[in-house]
Amino acid sequence: MTTSWCLITLLTFTFGSVISQSNINVQNLYTLLFTTNGYNKLIRPSKNQSVPLSVHVIFTLYGISGVDEIEQKLTATGWLEVEWTDELLSWKPASYGGLRYIYYPQGKVWKPDISLQNGFSKLKELGSKFISVFIDSNGLVNWRPFQVFESKCDIDSTYFPFDKQTCHLDFVAWSLSNKDVHITQGRMGIKLADDLQRHGEWKIISSTALNLAESHETKVRFTIVMQRKPLYAIMNYIMPILLLSILDIFTFKIRLVQGNA
Ligand SMILES: *[C@@H]1O[C@H](CO)[C@@H](O)[C@H](O)[C@H]1NC(C)=O
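Everything numeric here is computed off the predicted structure, so don't read it as measured data.

Next up on the list: the state of the cysteines. Within the structure shown, the criterion is met by 1 disulfide. The disulfide partner of Cys153 is Cys167, and the gap between their sulfur atoms is 2.0 Å. Taking the torsion about the sulfur-sulfur bond, which here is approximately -80 degrees, the covalent link between Cys153 and Cys167 counts as left-handed. In this pair, Cys153 is assigned in the loop between strand E7 (146-152) and strand E8 (164-173) and Cys167 in strand E8, connecting sequence segments 14 residues apart. Taken as a pair, Cys153 and Cys167 share a single burial class, namely buried.

In this section: the environment of Asn37. When you line up the elements, Asn37 lands in the loop between helix H2 (23-36) and strand E1 (53-68). Residue classification places Asn37 among the partly exposed residues on the basis of a relative accessible area of 44%. A sequence separation of 52 residues divides Asn37 from Leu89, and the C-alpha atoms of the two residues are 9.3 Å apart.

Moving on, we get to the environment of Leu32. In this structure, Leu32 sits in helix H2. C-alpha separation for the pair Leu32 and Thr60, spaced 28 residues apart in sequence, amounts to 34 Å. Apart from the residues lying within four places of it in its own chain, the contact partners of Leu32 are Asn37 and Tyr96.

With that settled, the discussion passes to the nonpolar core. Counting residues in each nonpolar core, the largest one holds 47 residues, and the members touching the most others are Leu74, Leu80, Ile114, Ile135 and Phe222. Broken down by element, the residue count for this core peaks at 7 residues, all from E1. When residues of this core are assigned to domains, at least three map to each of domain 1 (1-38) and domain 2 (53-228). Beyond its immediate stretch of four places on either side in the chain, Leu74 contacts Ile64, Gly66, Val67, Phe149, Glu150, Ser151, Cys153, Cys167, Ile224 and Met226.

Time to look at the site of the ligand. Around the ligand, a shell composed of Asn48, Ser50 and Val51 is seen. Residue Asn48 places a side-chain N or O atom 2.3 Å away from an oxygen atom belonging to the ligand. In the complex, 22% of the free accessible area of the ligand, which totals 360 Å², lies under the protein chains.

On the secondary structure map, Asp136 appears in strand E5 (residues 132-136). One buried charged residue, Asp136, remains without a salt bridge, the closest side chain of opposite sign being Arg100 at 8.1 Å. In this structure the side chain of Asp136 is engaged in a polar contact, spanning 2.9 Å, whose partner is the backbone nitrogen of Asn138. Not counting residues up to four positions away in its chain, the partners in contact with Asp136 are Leu89, Trp91, Arg100 and Tyr101.

Any residue range with low pLDDT should be treated as having predicted coordinates unsuitable for detailed reading. Residues at a pLDDT of 70 or more form 92% of the chain, whose mean pLDDT is 89. Long-range and interchain partners of residues 5-18, a stretch whose pLDDT sits below 50, account for 4 contacts in this model, where long-range means more than four residues apart.

About the thresholds
- Residues numbered from 1 in each chain as written.
- Predicted model: local features only at pLDDT ≥ 70, side-chain atom pairs only at ≥ 80, totals over all residues.
- Heavy atoms only, no water.
- Disulfide = S-S within 2.5 Å.
- Helix = DSSP H or I, 4+ residues; strand = E, 2+ residues; numbered from the N terminus.
- Buried < 20%, exposed > 50% of the residue type's maximum accessible area, 1.4 Å probe, protein only.
- Contact = heavy atoms within 4.5 Å.
- Core = buried A, V, L, I, M, F, W, Y, C linked by side-chain atoms within 4.5 Å.
- Domains from an automatic or database assignment.
- Near = heavy atom within 4 Å.
- Polar contact = N/O pair within 3.5 Å; in protein donor to acceptor, adjacent residues only side chain to side chain.
- Areas by Shrake-Rupley, 256 points an atom, 1.4 Å probe, with all protein chains shown as cover.
- Lys, Arg positive; Asp, Glu negative; His and termini not counted.
- Salt bridge = Lys/Arg side-chain N within 4 Å of Asp/Glu carboxyl O.
- pLDDT = per-residue confidence, 0-100.

Given below as structure tokens:
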């Protein structure tokens, strides 16, 4: 009995400040950040504009949807987790009833124009209008665009159906140079989703992340190594051909027998 009372008191004490926030606190904070402070999403959110902003990227692979040998294309589904600190979006939680984080539509805050550099189709903005970014009181912004990524990939089928393929997904801030942003992999680099979708023909055998620094830009390369499941190709391409050719020999034999008769 005494222990549970202690626990309840402790819980109230620890989370008391969080529970006390109201809609007015949230509204006041929105007014401060986006109206009073005159937030302009076109301005890179660093107080010192000569210091490049660090942007961390993590890629979570949800599944391979297709590998096209003819078009040399990999279609992968997953989401990026892009994180940076927006120095213009920070506040003191104590002044807002202990409010520690908010969500805001992705189109209304500054974000790096990260895109897939070796994409297959035209360059487009990641995420979508209805996605919100997470912002905490230190100004840490977390943005998670979910996407179907189509990338160029050199597919070499010499050892078909026992081949292994390596495909890269290169992410770069398209118009920003390394004087503006530094893009690097986040702590996890690339990870496979817990409920990774299996592909009938391909098995993912490894995945790695690499930071690349070029003369005027930085980028992150995510690499996926896949192995073809030979059974799929044997059952679907090789067996039918073999069976048909065996059948062919027999029809020839039957014709011969009939001819002799
Ligand atoms: C901004 O950063 C640069 C490079 O680190 C430094 O030399 C400069 O003094 C800083 N400016 C201000 C106003 O802090």
